[in-house]
Amino acid sequence: SVSTIQRWVRANLPRGAANPKMRDRRAFEEEFANGMWQADTMHGPHVTMPDGGLGRAYLQMAIDDRSRMVVAARFVRSDSGANFLVLLKGAVATYGVPRKLYVDNGSAYSNAQLTGACGRIGCVLIHTRVRDGASKGKIERANRALRNELLNNLDPSARLTLGELNDLLAGWVLRHNSRTHSAHGRAPAAVWAADAAKVPPRMPESEAW
C-alpha cells in the first residue's frame, strides 16, 4: 500500500533524500593548501573615529579552505572592494596565489576591480549562489569563533580605535592559526606549512597588481 511505502521511505532513506529541492551539503575540502580561499565580511563593534565620534567597524577576513588558516583579517571602516583588494594583495604577497577565491555577491566581492585582479594573478573568482551563505561554512565558523572568543569579551564601555581593535585581532589570528583545530587535529599553520613543502605556493609576479 501507499502508506507502507511511505513508512519504508521515512525509515530507510536519509532525511532530505526524497526532496529533490534539497541542496547537497556534503563536506568538501581542497586537497592542498592554497587550493581555495574563502572570504567574507562580518559586522564588528563601533570604534572611535578620527573626529571623536563612533562608527561601525567591519571585519574582512579570508581563510584557507584546506588548513583553516586565517590568511588575512582586518577591521575597516567601510566594507568596500578597495579595502578588500588591499587585504587580498597582502595575503597573496605572504602566502602565494590561491587557485580559487570563494566569495558571496556583496559589493566588496562582486566588482570589476576584483575580477580583473584575480584574472591578472591567475586566480579563479567564484561567487556563491544568491542568499546561500551556508555554502561558505568554514569562513562562517571562523567568524563565529572570532565573535565568541574576542568581540563578545570586549568591554562595552571601552572606546577602542580602529588600530587598537586590529591589534587585538592580530593576537586572535595568531592564536587561531597556532592551536589545534578540530577539523584535522593539527594547528592550521602546521597544516599549511606541511602542504607548502609538498606544493610550494605560487607567488605573483611583481607587476601583476
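Residues numbered from 1 in each chain as written. Predicted model: local features only at pLDDT ≥ 70, side-chain atom pairs only at ≥ 80, totals over all residues. Heavy atoms only, no water.

1. Description of the packing of helix α2 (residues 81-95) against helix α3 (residues 112-121)
Stage number 1. Viewed as axis vectors pointing N to C, α2 and α3 meet at an angle of 15°, and their least axial separation amounts to 11 Å. Taken together, α2 and α3 sit at an angle that is classed as roughly parallel. As for the relative orientation of α2 and α3, their crossing is right-handed in sense. Facing F84, L85, L88 and V92 of α2, the residues of α3 in contact are Q113, L114, A117 and I121.
Stage number 2. Considering only residue class, the contact of α2 with α3 consists of seven nonpolar, one polar and no charged. (Axes fitted to C-alpha atoms, helices over the stretch in contact; angles between N-to-C directions. Helix = DSSP H or I, 4+ residues; strand = E, 2+ residues; numbered from the N terminus. Parallel < 35°, antiparallel > 145°, perpendicular 65-115°, else oblique. Left-handed = near helix turned anticlockwise from the far one by under 90°. Contact = heavy atoms within 4.5 Å. Nonpolar A, V, L, I, M, F, W, Y, C, P; charged D, E, K, R; others polar.)

2. Considerations on the nonpolar core
Stage number 1. Counting residues in each nonpolar core, the largest one holds 27 residues, and the members touching the most others are W37, F84, L101 and L114.
Stage number 2. Elements that contribute at least two residues to this core include exactly β1 (36-48), β3 (70-76), α2, β4 (100-103), α3 and α6 (188-198).
Stage number 3. At seven residues, α2 tops the list of elements feeding residues into this core.
Stage number 4. For L101, the residues in contact, after removing those within four places along its chain, are W37, A39, F84, L88, L114, C118, C123, V124, L125 and I126.
Stage number 5. Formed by 20 residues, the second largest nonpolar core is a distinct cluster that contains V47, I139, L160 and W172. (Core = buried A, V, L, I, M, F, W, Y, C linked by side-chain atoms within 4.5 Å. Buried < 20%, exposed > 50% of the residue type's maximum accessible area, 1.4 Å probe, protein only.)

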